[in-house]
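Coordinate inspection notes
Each chain is listed here by its residues.
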Amino acid sequence: MTKAAQTENAQPQIHIKTFDELTTRELHAIYVTRGLVFTVGQKITDQEVDDTDLVCFHLFTQNKEGKVTAYLRMYDLGKYADESHEITPGAWTIGRVAVLDEARGTGLGRRIVAEAIEWIRDNTDAERIEISAQQYLENSLYGKAGFVTEGEPYIEAGIEHVHMNLVLER
Amino acid sequence: MFVAKHFNELTLEELNAIYIIRAKVFAIGLGFGDPDPDLADREAIHLMHEDDDGRILAYMRLMDIHENIQGTKYGPVPDSWTLSRVSVLEETRGTGLGRRLLEEALDYIKNETDAAYVDISAQAYLKDTYYKSAGFKQISDEYDEAGMPHVRMIKKIER
């Protein structure tokens, strides 16, 4: 493979930032992508943008034009509850996992989940990661990353979800 | 108090609060299924009424449409600005805040731009109670936009 082709296939850089570290353009690009994936793509009419955004870590990749191609957010369930979790000391969560249509099939989803797990392990005291996962991704995305399902599926935002758990080996 | 800011002047908190109110009114309130955060936001003037806690109770965006706004259906319409994403929180309805928001928008366009017209695609159910009483004239039949009936309306700016 020529050097040019190698650069073309190079993995996009993963950025991890707190809300305050984002630029306005980055936050806007994140919101455009989340809107396309969740509100438009999955027709979810629940509150997409919310004030949890102010307190979480944002993980994202961008293409050359600045479009956010993959995204997820991470936060400490020991400090912040959400619609699927009560305050749970020792646990972090990841949510709003989104990959734009044009970037699907490239392994980007698996890559950002793996990166999130590694970041939480290296930068926090979390003992485990608890997620409310869309059921259709249970095996292909989260199961493969080591998450284990707990309990029965339930409906959240009109879509089937399952609780999944990953214990962080330390 | 009312604040009008170009996208480039917005703080991160304001951008977050703007999309929260737009979601409450459009995605949740009206079942608006089209992309809401969009590229047009980067070119727009964002007009909002913030309370003392920084909550946005009323909002709309204003845009110069003399050229097509890239990636969107807005423009080109010469000498014209448009208003869209008009969002007023349920809890303030009946207080006149929505009407004041529209007056602020029209003042902004008159004082800060050279626009000759304000040219809008208005939700049909507001055409008489909200826009007509502010001087807009309906210039089209009803049509569908984002799954809801709309009409085109125009107001000439008196200079």
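For chain B, an unreviewed UniProt entry supplies the name Acetyltransferase and the organism Rothia aerolata.

Taken residue by residue, the interface counts 23 residues in chain B and 22 residues in chain A. Approximately 1,800 Å² of surface area, both sides summed, lies buried where chain B meets chain A, with 66% of it carried by carbon and sulfur atoms. Scanning the region where chain B abuts chain A turns up zero salt bridges. Counting across the interface, chain B meets chain A through six residue pairs in polar contact (both at pLDDT 80 or more). In terms of residue class, the side of chain B that touches chain A is built from 13 nonpolar, four polar and six charged.

Here we come to the environment of Arg111 of chain A. Checked against the element boundaries, Arg111 of chain A lands in helix α3 (residues 108-123). Excluding its chain neighbours within four sequence positions, the residues that come into contact with Arg111 of chain A are Gln11, Pro12 and Ile14 of chain A.

Our focus in this paragraph is the layout of surface pockets. All names here are of chain A. Of the volumes computed, that of the largest pocket is approximately 1,000 Å³. Around the largest pocket, the lining comprises 46 residues; the ones closest to its centre are Phe38, Arg96, Val97, Ala98 and Gln134. Elements supplying a minimum of two residues to the lining of the largest pocket: α2 (24-41), β3 (68-76), β4 (91-99), α3, β5 (128-134) and α4 (138-143). Sorting elements by how many residues they give to the lining of the largest pocket places β4 first, with seven residues.

Residue and element names in this part refer to chain A. Here six bridges tie strand β6 (residues 148-156) to strand β7 (residues 159-167), and the two strands are oriented antiparallel to one another. Along β7, the bridge assignment pairs Glu150 with His163. Adjacent in sequence and paired antiparallel, β6 and β7 are bridged by two residues, among which Ala157 carries a positive phi angle near 55°.

On to empty space enclosed by the protein. For the structure shown, the criterion picks out one cavity of 30 Å³ or more. Where the lining of the largest cavity is concerned, the elements lending two or more residues are α2 of chain A together with α1 (12-29) of chain B. For the lining of the largest cavity, the per-class residue count stands at six nonpolar, two polar and four charged.

The rules behind the values
Residues numbered from 1 in each chain as written. Chains lettered and ligands numbered in written order. Predicted model: local features only at pLDDT ≥ 70, side-chain atom pairs only at ≥ 80, totals over all residues. Heavy atoms only, no water. Contact = heavy atoms within 4.5 Å. Buried area = accessible area lost by both parts, 1.4 Å probe. Salt bridge = Lys/Arg side-chain N within 4 Å of Asp/Glu carboxyl O. Polar contact = N/O pair within 3.5 Å; in protein donor to acceptor, adjacent residues only side chain to side chain. Nonpolar A, V, L, I, M, F, W, Y, C, P; charged D, E, K, R; others polar. Helix = DSSP H or I, 4+ residues; strand = E, 2+ residues; numbered from the N terminus. 1 Å grid on protein atoms, 1.4 Å probe; cavity = no way out; pocket = protein on both sides within 12 Å on 5 of 7 lines; lining within 4 Å. Points joined across faces, edges and corners; volume = space filled by probe spheres on them. Pairing = 2+ DSSP bridges.

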